[in-house]
Amino acid sequence: MIALSDDAAPPVPHRKLGPGRLVIASHNQGKVREIGDLLRPYGIETVSAAELDLPEPEETGTTFAANAELKARAAADLSGLPALADDSGLCVEALGGDPGIFSARWAGPSKDFAVAMEKVHDAILATGPDAGRDAHFVCALSLCWPDGHIETFEGRADGTLVWPPRGEHGFGYDAMFLPLGATETYGEIDPDAKHAISHRAAAFNLLTAAVF
Ligand SMILES: O=P(O)(O)OP(=O)(O)OP(=O)(O)OC[C@H]1O[C@@H](n2cnc3c(O)ncnc32)[C@H](O)[C@@H]1O
Ligand SMILES: [Mg+2]
């Protein structure tokens, strides 16, 4: 028998998602649209947190997974339905991983991502003339059942940042993110092309393999 160390979390057994409505526990239209696209082939009936008038929980976690879990748990508790939450963000290597879990907060109360992208650009410049532009997106997806059972899946997409931002597609930081090996930013490619390579799709593929 293999002894587990005290801090090793026991594996969460997977559970299959049955028929019925699923709450998309996000107040971000861009994410709700992308998760809706990713779920469409599975014929799952969805309703968003905004449509159910659910409050936005305070994101007090220190990791993407912890924040995804608290958002999924809050929506499942309040709705009595299974809930899928997404916590994601842009991590810039030269900034020690910032803005990371604070990616939404860098856009301020008016959620202005032109401002947030400029802050990222300025922060990189402030680190020095040779600052690298490597970055990655992370997406944690948590699926919580009304009885509290919860499963979390994490995906990542690597790339570099361009300046100025390019493209009108997508949301958030998409217009400054050039995926590894690509010539067009997430803001320039169409949604299907983003779904083929994105951090959200990577997390979603792990989720679908486990719960559908
Ligand atoms: O918490 P919810 O209600 O889901 O919505 P949010 O916008 O606050 O979402 P997060 O707390 O997860 O913050 C992540 C931010 O990172 C950015 N982000 C996440 N995924 C992205 C993507 O695929 N493309 C561009 N930006 C992304 C986006 O601007 C988000 O606001
Ligand atoms: Mg948020």
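Values in this document were obtained by computation on a predicted structure and should not be read as measured data. (Residues numbered from 1 in each chain as written. Chains lettered and ligands numbered in written order. Predicted model: local features only at pLDDT ≥ 70, side-chain atom pairs only at ≥ 80, totals over all residues.)

Caption draft 1: Examining the site of ligand 1 more closely. Ser26, Asn28, Ser103, Ala104 and Gly172 are the nearest of the 23 residues found near ligand 1. Take the shell around ligand 1: its biggest share by element is four residues, from strand 3 (residues 83-92). Class assignment of the residues belonging to the shell around ligand 1 gives a composition of six nonpolar, nine polar and eight charged. (Near = placed C-beta within 6 Å. Helix = DSSP H or I, 4+ residues; strand = E, 2+ residues; numbered from the N terminus. Nonpolar A, V, L, I, M, F, W, Y, C, P; charged D, E, K, R; others polar.)

Caption draft 2: Examining the sheet that holds strand 4 (residues 134-144) more closely. Strand order in this open sheet of six strands is 2-1-3-4-5-6, and the pairing throughout is mixed. The open sheet is flanked by strand 2 (45-48) and strand 6 (177-179), the only strands paired with a single partner. Strand-to-strand, the axes of this sheet are offset by a mean angle of 35°, without reference to chain direction. As paired elements, strand 1 (residues 21-24) and strand 3 share two bridges and run parallel to each other. Looking at strand 3, one finds that valine 23 is bridged to alanine 83. Packing of helix 2 (residues 64-79) onto the sheet brings it into contact with strand 1, strand 3, strand 4 and strand 5 (150-161), and relative to strand 3 it is tilted by some 155°. (Pairing = 2+ DSSP bridges. Axes fitted to C-alpha atoms, helices over the stretch in contact; angles between N-to-C directions. Contact = placed C-beta atoms within 7 Å.)

Caption draft 3: Here's a closer look at the confidence of the model for the protein chain. Looking at the protein chain, the pLDDT average stands at 95 and 97% of residues meet or exceed 70. Scoring the predicted complex yields pTM 0.95 and, for the interface, ipTM 0.99. (pLDDT = per-residue confidence, 0-100.)

Caption draft 4: Quick look at the UniProt feature "active site" (unreviewed entry) in the protein chain. Under the UniProt annotation, the feature "active site" (unreviewed entry) is placed at Asp87. According to the C-beta neighbour criterion, aspartate 87 is buried, with 28 such atoms within 10 Å. Beyond its immediate sequence surroundings of up to four residues, aspartate 87 is in contact with Phe64, Asn67, Ala68, Lys71 and Ala140. (UniProt positions renumbered as here; feature names shortened; annotations may be inferred. Buried ≥ 20, exposed ≤ 12 C-beta atoms within 10 Å, placed from the backbone.)

Caption draft 5: Here's a closer look at the nonpolar core. Ala25, Ala72, Ala75, Ala83, Leu84 and Leu141 are the most contacted members of the largest nonpolar core, which has 48 residues in total. Every element with two or more residues in this core is listed here: strand 1, helix 2, strand 3, helix 3 (113-126), strand 4, strand 5 and helix 5 (199-211). By residue number, the principal contributor to this core is strand 4, which donates eight residues. With sequence-adjacent residues up to four places away left out, alanine 75 is seen in contact with Val23, Ala25, Ala49, Leu54, Ala83 and Ala85. (Core = buried A, V, L, I, M, F, W, Y, C linked by C-beta atoms within 7 Å.)

Caption draft 6: Spotlight on the UniProt feature "binding site: Mg(2+)" (unreviewed entry) in the protein chain. Within this numbering scheme, the UniProt entry marks Glu58 and Asp87 as carrying the feature "binding site: Mg(2+)" (unreviewed entry). Their sequence span is 30 residues, while the largest C-alpha to C-alpha distance among them is just 12.3 Å; these annotated residues converge on one region. Relative to the helices and strands, glutamate 58 resides in the loop between strand 2 and helix 2. Judged by C-beta crowding, with 10 C-beta atoms within 10 Å, glutamate 58 ranks as exposed. With respect to the helices, strands and loops of the structure, aspartate 87 is situated in strand 3.

Caption draft 7: Seen up close, helix 2. Between its first and last C-alpha atoms helix 2 spans 23 Å; for 16 residues at 1.5 Å apiece the expected length is 22 Å, and the two agree. Those residues of helix 2 not exposed but buried are Phe64, Asn67, Ala68, Glu69, Leu70, Lys71, Ala72, Ala74, Ala75 and Ala76. Summarising the contacts, the buried residues of helix 2 are in contact with strand 1, strand 3, strand 4 and strand 5. Two residues or fewer after helix 2 comes glycine 80, characterised by a positive phi angle close to 70°. (Expected span 1.5 Å × (residues − 1).)

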